[in-house]
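Take a look at the letters that make up each chain.
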Amino acid sequence: DIVLTQTPLSLSVTPEQPASISCKSSQSLLSNDGKTYLYWFLQKPGQAPQVLIYEVYKRFSGVPERFSGSGSETDFTLEISRVEADDVGVYYCMHTLQFPVTFGGGTKVEIK
Amino acid sequence: EVQLVESGGGLVQPGRSLRLSCTASGFTFEKHAISWFRQAPGKGLEWIAFIKSKPHTGPTEYAASVRGRFTISRDDSNGVAYLQMDSLKTEDTAKYYCARDVGTFWGQGTLVTVSS
């Protein structure tokens, strides 16, 4: 199984400041079709997860431009350019390269 | 608007069965795969089952933790997916979510508690 390791475990951010979360995969997530199957989700308190980013850097419909994804092969990053109060929650990376689909352990983001 | 609504959760004794439903609306159900995920209290997310859409063929997929005990199925005529859960264990206690494809849209989840 592919193991995704997220760092840091938690992040306390001042509003309007940037934030960055790392996700490292135990193997390359680059598929034979040329796509890299790495997603980012945000789970706000008491809510279901919502997709932010798919295929490393593609923002899902309605996701603010302050969220961006980057990376390749085994190393990926989610960046929030200017954190807002509404961004609090737990962020997860997930791969869909093969079954089983697996998640990173999550990064809890809170506002200072 | 895409909507997925889970139902069927509740309190069940170890060893018993439960069937969850996922009722979809707002999209062409038969054209999309469906996944089930779960989240144990205070824990992270776990994918557990996947079923393809027509005309794709092939087996359903399961996480090792539920393979042989859980069965995913779908009723395209009614826009509903199911998760049949047999031989339930206390460690299956979690909120269960269905999602379109492998997580583009999620329902709000239904809580399953396995306890004697």
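A brief structural summary. Computed from a predicted structure; not experimentally measured.

Criteria and thresholds
Residues numbered from 1 in each chain as written. Chains lettered and ligands numbered in written order. Predicted model: local features only at pLDDT ≥ 70, side-chain atom pairs only at ≥ 80, totals over all residues. Heavy atoms only, no water. Pairing = 2+ DSSP bridges. Helix = DSSP H or I, 4+ residues; strand = E, 2+ residues; numbered from the N terminus. Axes fitted to C-alpha atoms, helices over the stretch in contact; angles between N-to-C directions. Contact = heavy atoms within 4.5 Å. Buried area = accessible area lost by both parts, 1.4 Å probe. Salt bridge = Lys/Arg side-chain N within 4 Å of Asp/Glu carboxyl O. Polar contact = N/O pair within 3.5 Å; in protein donor to acceptor, adjacent residues only side chain to side chain. Nonpolar A, V, L, I, M, F, W, Y, C, P; charged D, E, K, R; others polar.

Looking now at the sheet that holds strand β8 (residues 75-80) of chain A. All names here are of chain A. Here four strands make up an open sheet; going across it, the order is β1-β3-β8-β7 and the pairing antiparallel. Single-partner strands in this sheet number two, and they are β1 (4-7) and β7 (67-72). Ignoring strand direction, the axes of neighbouring strands in this sheet form an average angle of 20 degrees.

Facing the 14 residues of chain A at the interface are 17 residues of chain B. Across the interface of chain A and chain B, roughly 1300 Å² is buried in total on both sides, 73% from carbon and sulfur atoms. Area buried by chain A at its contact with chain B is led by P49(A), F99(A) and F103(A), which between them contribute 38% of it. Here chain A and chain B share zero salt bridges between them. Across the chain A-chain B interface, the total number found is three residue pairs in polar contact (both at pLDDT 80 or more). Elements supplying a minimum of two residues to the side of chain A that touches chain B: β4 (38-43) and β9 (89-95) of chain A. Residues of the side of chain A that touches chain B, tallied by class, amount to 11 nonpolar, three polar and no charged.

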